[in-house]
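Observations on chain architecture
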Amino acid sequence: MTLTQQSTAASLPITIHDTESVDLASLWKLVQLGANKFWRHTKAYTTILGVMLLTLISLIFLSMHWSYHRLFSFVSHRVIGSNNEISNQN
């Protein structure tokens, strides 16, 4: 079995264009398109992240509120119409 060596580099021509001028108008248009795309994505994700942050803050507040009422439930329960109040009114 013999292996043949092939020169694949000779069959692939490499051309390099040496241009010194840069087309600023097309570069500026490309930058604007990229900035517009970034702004649209940022605007959408800002809305989503804002809603998620508001939900997280609401859940934290609600859990603190429930914990406060569980821990200090003896303060919030008042007995209305106890014997002391009835005797003070007479």
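Being a predicted model, the structure only gives us computed values, none of them experimental.

Some details on the overall build of the chain
- A tally of regular secondary structure across the chain gives 3 helices and 0 strands.
- In the chain, which comprises 90 residues, the proportion classed as buried is 0%.
- With the model as given, the accessible surface of the chain reaches about 9600 Å², and the carbon-plus-sulfur share is 65%.

Quick look at a nonpolar patch on the surface
- Together, Leu24, Leu27, Trp28, Leu30 and Val31 line one region of the surface with nonpolar side chains, adding up to about 550 Å² of accessible area.
- Residue Leu24 is classed as exposed on the basis of its relative accessible area, which comes to 60%.

Some points on the confidence of the model for the chain
- In the predicted model, the chain carries a mean pLDDT of 76, and 57% of its residues have values of at least 70.
- When the elements of the chain are averaged for pLDDT, helix H3 (residues 83–89) gives the smallest value, 55, and helix H1 (residues 24–71) the largest, 90.

Reading the values: rules and limits
- Residues numbered from 1 in each chain as written.
- Predicted model: local features only at pLDDT ≥ 70, side-chain atom pairs only at ≥ 80, totals over all residues.
- Heavy atoms only, no water.
- Helix = DSSP H or I, 4+ residues; strand = E, 2+ residues; numbered from the N terminus.
- Buried < 20%, exposed > 50% of the residue type's maximum accessible area, 1.4 Å probe, protein only.
- Areas by Shrake-Rupley, 256 points an atom, 1.4 Å probe, with all protein chains shown as cover.
- Patch = residues over 30% accessible without salt bridge, like charges linked within 9 Å, V, L, I, M, F, W, Y side chains within 5 Å.
- Salt bridge = Lys/Arg side-chain N within 4 Å of Asp/Glu carboxyl O.
- pLDDT = per-residue confidence, 0-100.

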